[in-house]
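# Observations on chain architecture
If you want the building blocks of each chain, they are given just below.
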Amino acid sequence: MKELRCILFTDLEVLAAILDRRRKLNEPLPDGQVTGLRLEMNQGTRCTLLVDGGKHSLTIPEAELQAALLAHCMTKKVPLPAEADKSVYLIRGRATLMMTMNFNKSARLVSMVEERADSLPH
């Protein structure tokens with residue numbers, strides 16, 4: 001059995017996730033007010049924070065975006081499968097955390113033991 005799970009985030013949730021993670025890690029935050037957010041997929045998913053009406057910007061690479069979204073889920077007590085492969089995609093314009101389980105494992109064959117006809121109840 002293979003499982004696919006997707007969690008879609010609003011732009012406000014993405015922004016909160018990024019800012020919370022950067023604060024916790026004491027990473028620099030953009031000077032000024034964040035006035036927009038742009039998500040794009042081009043050789044990976046990345047997020048650009050637009051500051052002061054687009055005068056400045058801060059680009060968040062995919063690995064940092066993924067870490068921020070995972071931390072956001074953990075903070076909100078959203079259960080996440082530890083064994084799953086996780087990646088970030090853009091689906092319908094929204095950041096999406098996609099988790100796949102058992103996609104890289106080959107199917108296990110289950111051998112069926114044939115019962116003898118005479119062992120069946122009559």
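Residues numbered from 1 in each chain as written. Predicted model: local features only at pLDDT ≥ 70, side-chain atom pairs only at ≥ 80, totals over all residues. Heavy atoms only, no water.

### Overview of the overall build of the protein
Tallying secondary structure elements over the protein gives two helices and six strands in all. Secondary structure of the protein in N-to-C order comes out as β-α-β-β-β-α-β-β. Accessible surface for the protein amounts to roughly 8900 Å². Of this, 53% is attributable to carbon and sulfur atoms. (Helix = DSSP H or I, 4+ residues; strand = E, 2+ residues; numbered from the N terminus. Areas by Shrake-Rupley, 256 points an atom, 1.4 Å probe, with all protein chains shown as cover.)

### Considerations on the sheet that holds strand β1 (residues 3-8)
Within the open sheet, the three strands sit side by side as β1-β6-β5. Their pairing is antiparallel. Strands with a single pairing partner mark the edges of an open sheet, and in this sheet they are β1 and β5 (85-91). Sheet twist, expressed as the mean angle between neighbouring strand axes with direction ignored, is 25°. Sitting on the sheet, helix α2 (residues 62-75) touches β1, β5 and β6 (94-101), and the angle it makes with β5 is about 105°. (Pairing = 2+ DSSP bridges. Axes fitted to C-alpha atoms, helices over the stretch in contact; angles between N-to-C directions. Contact = heavy atoms within 4.5 Å.)

### Describing the environment of A16
Here A16 shows up in helix α1 (residues 11-24). Of the residues examined, A16 reaches a relative accessible area of 30% and is grouped as partly exposed. Spatially, the C-alpha atom of A16 lies 8.1 Å from that of H72, the residues being 56 residues apart in sequence. (Buried < 20%, exposed > 50% of the residue type's maximum accessible area, 1.4 Å probe, protein only.)

### Considering α2
With 14 residues, α2 ought to run about 20 Å at 1.5 Å a step, and its terminal C-alpha atoms sit 20 Å apart, in line with that. Positioned one or two residues after α2, K77 has a phi angle of 60°, which is positive. (Expected span 1.5 Å × (residues − 1).)

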